[in-house]
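Architecture and fold: a report
Okay, here's what each chain looks like letter by letter:
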Amino acid sequence: MHKGQFKDRTCEGCHSVNGWKTTAFDHNSPEYKGYRLEGKHLKTQCEKCHQQGKYRPIEAACKGCHAKDDTHKNELGALCDKCHTANDWKKTTLRHNTQTRFPLIGKHTDTPCEKCHINKRYKSRDEKCADCHKDVHKGKFKEECGSCHTQVDWAPRRFDHRKMTGYALGGVHNDILCANCHTAKDDYRKVNRYCGQCHVDPHMNQFGMMDCEKCHGQSSWNPVAFRHSGTGFPLTGQHRAAECSSCHKNRIYRNTLAICYNCHAQQYASAPNHLARSYNRDCTQCHDTFFNSWNFSHRSINSGCSTCHLSSRPSSHTANPTMYPATCESCHTSTATWSSRRHITASSGCSTCHLNSRPSSHTANPTMYPTTCESCHTSTATWSSHSHTTASSGCATCHLNSRPSSHTADSVKYPITCELCHNSTATWTSHQHTSTSGCSTCHINARPSSHTANPTRYTTTCETCHKYPTWTFSHSTVSTACSTCHLTDAPAAHLTYSAYFGTSCQNCHTYPAWTTATINHSSFTTFPTNHKGYSKCSDCHPTQQYNNGYCIECHTARGAKVHNTTSNSSCLACHPTGTAKRLR
């Protein structure tokens, strides 16, 4: 039913004999490297995503299933997890002040999204006031609205700070009171313009007297201009949405250790067996570092599987420690999936492990199916692969009961020596015909109704007309007696004037093109074929009337009135060559 999608896996890796529809496959299994299920995806039916039985490859991006649900109409790309989660699609995790170029301050903080994002257009460059607000000045002022107005109060302010002081107020600075910077009463000149004059350095001088504008802007204190990838530790996966203080505790920004355990000690302690077995605290030794999930990775591990997986062994293994030792990698490819088994050094003794796995047909007939599995099967591959490396005869010893009903019903036609007709080491559908005669022995009943209805025309000696391997008729050796088979195929004109045409088709026609005629006109009549330039049969025989062809048929009036005759012989007596010129 999977149509070859899981050639590298066995059925029992996901299914059991208790119920074929019940699957043990776990999307969130530590061994599974693919898509993890969380939120509402945990309760979603498999066929919702795997439609029409397609399981691999399948797109892991949200748009693979939710393209029709994209209210943004692909405007914001395919990374839905930037703003949404699988827990509740309608709740957004977008931080407008840090993830966009337009932080919300003042009265904009309470403005509904649809007021600015009309018709659900979210990727917009409309960042000027006039893009959303009507210009009551009707273009009278060329300056931006922020030169006179603020987002906190639309009432205009009259002082042009940029023009009068050379220091333009932008972003949040537009909305603060003058006294916030000019702390001394009536002292408005020579105010220190460095950020540290008004703002406490949250970095505790770790970056020295740097220009804050290199990372921060006036619109928001969040470091929107800072590029973390320049630190040697790019933010990927869930780290993109993490708060700075989550990793940089106590405002320590320099020389922060990149070891996972420093931030994820709680996850390490709560994970199964990590503390009890003293797992390496360098998480990257076992887990992928894409930071989307804690997927386990066996990149550098090829032994010691039982250290972690001994308790995960199936009951068949624990019940037979001799057959199944605790060294997992002896049989399994340890860095892949448990369902993959390897027989690197084994070429015999298969029954030691697999005797009880034999099908009922084998146990019911020990003579036909001995316990030496490798006699018939290629032991290091799959049981369905049979080897007949030395067998070229005696097929019936094993396969006699596999014959179809047509063979058992006609023992004369189908003897029990299989290899007489079949290639014994290949496939039963392949028949070998070493004989060139006696076809009807097997194929007499396969003749078409046209043959059985006319035994005179179609004899039972098939090879007279046909050649193996195709039943199409061959005329390679036939050049005469066409009418023996094709007399009834002649056109009506031929049959009507049989006295003229005769039954020897080959006198005029050649195989295989019947429409090409090589008629010799002089063998039928002495009348010339170039009479008055005529060259086609239809010139004289327009309606396929072939009993004419002499003078009177065309020259009745002239013969009767001029020469007083209706006899062709009289015409030919004077005009033997068919010309108007009289013979003297």
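Here, the structure is the one placed above.
Treat the numbers as computed from the prediction; the structure is a model and nothing was measured.

Definitions and limits used
All residue numbers refer to positions counted from 1 along the written sequence of the respective chain. Confidence filtering applies because this is a predicted model: local features only for residues at pLDDT of at least 70, side-chain atom pairs given and counted only at 80 or more, and all residues used for totals across whole chains, interfaces and linings. Note: side-chain values were computed over all heavy atoms of the structure, leaving out hydrogens and water. By definition, any uninterrupted DSSP run of H or I lasting at least four residues is a helix, any uninterrupted run of E lasting at least two residues is a strand, and each is numbered from the N terminus. Residue contacts follow a heavy-atom distance rule, with two residues in contact if any of their heavy atoms lie within 4.5 Å. Computed with a 1.4 Å probe, the accessible areas rest on the Shrake-Rupley method; for each residue, only the protein chains presented here act as cover. Burial classes follow relative accessibility: with a 1.4 Å probe on protein chains only, a residue under 20% of its type's maximum area counts as buried, one over 50% as exposed, and anything between as partly exposed. For two strands to count as paired, DSSP must find a minimum of two bridges between them. Salt-bridge detection follows one rule: a side-chain nitrogen of Lys or Arg within 4 Å of a carboxyl oxygen of Asp or Glu. Paired rings are identified among Phe, Tyr and Trp, the last through its six-membered ring, by centres lying within 6.5 Å, and are further divided according to the angle between planes into stacked (under 30 degrees), edge-to-face (over 60) and tilted (the rest). Note on terminology: disulfide denotes any pair of cysteine sulfur atoms within 2.5 Å.

**What about the overall build of the protein chain?**
- Along its length, the protein chain carries 23 helices and 2 strands.
- Intrachain contacts of the protein chain at a sequence separation of at least 6 include 43% that bridge at least 24 residues.
- Carbon and sulfur atoms make up 55% of the accessible area of the protein chain, which amounts to about 44,300 Å² in all.

**Looking at the environment of Lys107**
- As for its placement among the helices and strands, Lys107 is situated in the loop between helix H3 (96–99) and helix H4 (113–116).
- Sequence separation between Lys107 and Asp153 is 46 residues; the distance between their C-alpha atoms is 8.0 Å.

**Focus on unusual backbone geometry**
- The phi dihedral of Asn255 falls on the positive side, at around 55°, and the residue is not glycine.
- Within the secondary structure, Asn255 sits in the loop between helix H7 (244–247) and helix H8 (261–270).
- By relative accessible area, Asn255 is classed as exposed at 77%.
- A positive phi is found at Asn564, a non-glycine position, where the angle reads about 55°.
- Considering the arrangement of structural elements, one finds Asn564 in the loop between helix H22 (556–561) and helix H23 (568–574).

**Focus: the pairing of strand S2 (residues 470–473)**
- With 2 bridges connecting them, strand S1 (residues 466–467) and S2 associate as antiparallel partners. From the neighbouring strand, His466 faces S2, where its bridge partner is Phe473.

**Points about the side chain of His451**
- On the secondary structure map, His451 appears in helix H16 (residues 449–453).
- Note on His451: relative accessible area 17%, which makes it buried.

**Side note on the environment of His475**
- Mapped onto the elements, His475 comes out in the loop between S2 and helix H17 (483–486).
- Measuring from C-alpha to C-alpha, the distance between His475 and Pro512 comes to 8.6 Å, with 37 residues separating the pair along the chain.
- Not counting residues within four places of it along the chain, the set of residues in contact with His475 comprises His486 and Tyr511.

**Remarks on the pattern of salt bridges**
- Under the defined criterion, the tally for this structure stands at 1 salt bridge.
- Between Arg95 and Glu243 there is a salt bridge, with its nearest N and O atoms 3.4 Å apart. With a gap of 148 residues between them, Arg95 in the loop between helix H2 (63–66) and H3 and Glu243 in the loop between helix H6 (161–165) and H7 connect regions that are remote in the sequence.
- For Glu243, a relative accessible area of 44% translates into the label partly exposed.

**Regarding the packing of aromatic side chains**
- Within this structure, the stated rule accounts for 3 aromatic pairs.
- Pairing Tyr261 with Tyr268 gives two aromatic rings, centres 5.4 Å apart and planes at 85°, and the pair type is edge-to-face.

**Focus on the state of the cysteines**
- Per the counting criterion, the structure on display carries 0 disulfides.
- Cys350 forms no disulfide, and the closest cysteine sulfur to it belongs to Cys373, at a distance of 5.2 Å.
- You can call Cys350 buried: its relative accessible area is 10%.
- Free cysteine: Cys462, not disulfide-bonded; nearest cysteine sulfur from Cys439 at 5.3 Å.
- Note on Cys462: relative accessible area 9%, which makes it buried.

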